[in-house]
Amino acid sequence: MLKAVLSSPENRGRAARFLVVGGTAYGVQVATMRLFLLGAGTNVAFTLSFACSTSTHYALNRFWALPSLRTDTWRQAREYLGAAALSWLINFSLFRLCLDFFGLGKIWATAIAVPPSTLVVFLLLNYRVFRAKPAES
C-alpha cells in the first residue's frame with residue numbers, strides 16, 4: 001500500500017512536505033509540553049501541547065504541504081478536526097501506555113506516541129481532507 005501511495009511524483013512531494021510539517025508540529029508539541037509541564041498536570045500538559053501542535057499542523061498542511069482544490073473550507077476544517085481527534089486518541093493512548101506500562105519519561109513518551117498515528121493521519125489527510133483532486137461525483 002505504501003508503495004502505491006508513493007508511486008507518483010505528486011504523492012512523493014506531498015509526503016515529503018507532510019513529513020516536514022510533521023517534524024515542525026512535533027517540535028512544537030515537545031517544546032510546549034515542556035512549557036506546560038511547568039504549571040499543569042501531565043494529562044493537561046499533553047492535551048494543551050497537542051492542541052498547539054495540531055494548530056501548527058493544520059495551517060502548514062492546508063496552505064503548503066497538502067494544497068487542496070476543495071472549496072468547502074468549513075467542511076474540510078471539520079474533517080480535519082475529526083482526523084485530529086483520531087490522532088489525539090492514538091497519541092494519548094500510546095503516551096499513557098509508555099508512561100504507565102513501560103515507565104518512560106514524559107518527553108520520551110510524547111516522542112514515541114507521535115509516529116504511529118502519522119501514517120494514519122497522512123492517509124486521511126492526503127486522500128480525504130486535503131485531497132489533491134476533487135472527488136468524482
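Bear in mind the structure is a predicted one, so any value in this text is a computation, not a measurement.

Draft legend 1. Here's a closer look at the overall build of the protein. Check the secondary structure of the protein and you find five helices and zero strands. The C-alpha radius of gyration of the protein comes to 16 Å, within 12% of the 14 Å expected for a compact globule of 137 residues. For the protein, the spread of C-alpha atoms along the three principal axes comes to 45 × 30 × 25 Å. Here the protein, with 137 residues, has 38% of them falling under the buried criterion. Considering only residue pairs separated by 6 or more positions, the protein has 73% of its internal contacts joining residues 24 or more positions apart. Element-wise, carbon and sulfur atoms account for 71% of the exposed surface of the protein, whose accessible area totals about 7700 Å². Each charge class in the protein can be summarised by its mean position, and for the 14 positive and 5 negative side chains these summaries are 5 Å apart.

Draft legend 2. Spatial organisation of the nonpolar core. Core analysis: the biggest nonpolar cluster contains 15 residues, and Phe18, Leu66, Tyr80, Leu125 and Phe130 have the highest contact counts within it. The set of elements that each furnish at least two residues to this core consists of helix 2 (9–36), helix 3 (42–65), helix 4 (73–100) and helix 5 (106–129). Those residues in contact with Leu125 that lie beyond four places of it in its chain are Phe18, His57, Asn61, Leu66, Tyr80, Ala83, Phe130 and Arg131. Formed by nine residues, the second largest nonpolar core is a distinct cluster that contains Phe95, Cys98, Leu99 and Ala109.

Draft legend 3. The arrangement of the side chain of Thr54 in detail. As for its placement among the helices and strands, Thr54 is situated in helix 3. Sequence-distant contacts of Thr54, defined by excluding residues within four places in its chain, comprise Tyr80 and Ala84.

Analysis parameters
Residues numbered from 1 in each chain as written. Predicted model: local features only at pLDDT ≥ 70, side-chain atom pairs only at ≥ 80, totals over all residues. Heavy atoms only, no water. Helix = DSSP H or I, 4+ residues; strand = E, 2+ residues; numbered from the N terminus. Rg over C-alpha atoms; globule rule 2.2 N^0.38 Å. Buried < 20%, exposed > 50% of the residue type's maximum accessible area, 1.4 Å probe, protein only. Contact = heavy atoms within 4.5 Å. Areas by Shrake-Rupley, 256 points an atom, 1.4 Å probe, with all protein chains shown as cover. Lys, Arg positive; Asp, Glu negative; His and termini not counted. Charge placed at Lys NZ, Arg CZ, Asp CG, Glu CD. Core = buried A, V, L, I, M, F, W, Y, C linked by side-chain atoms within 4.5 Å.

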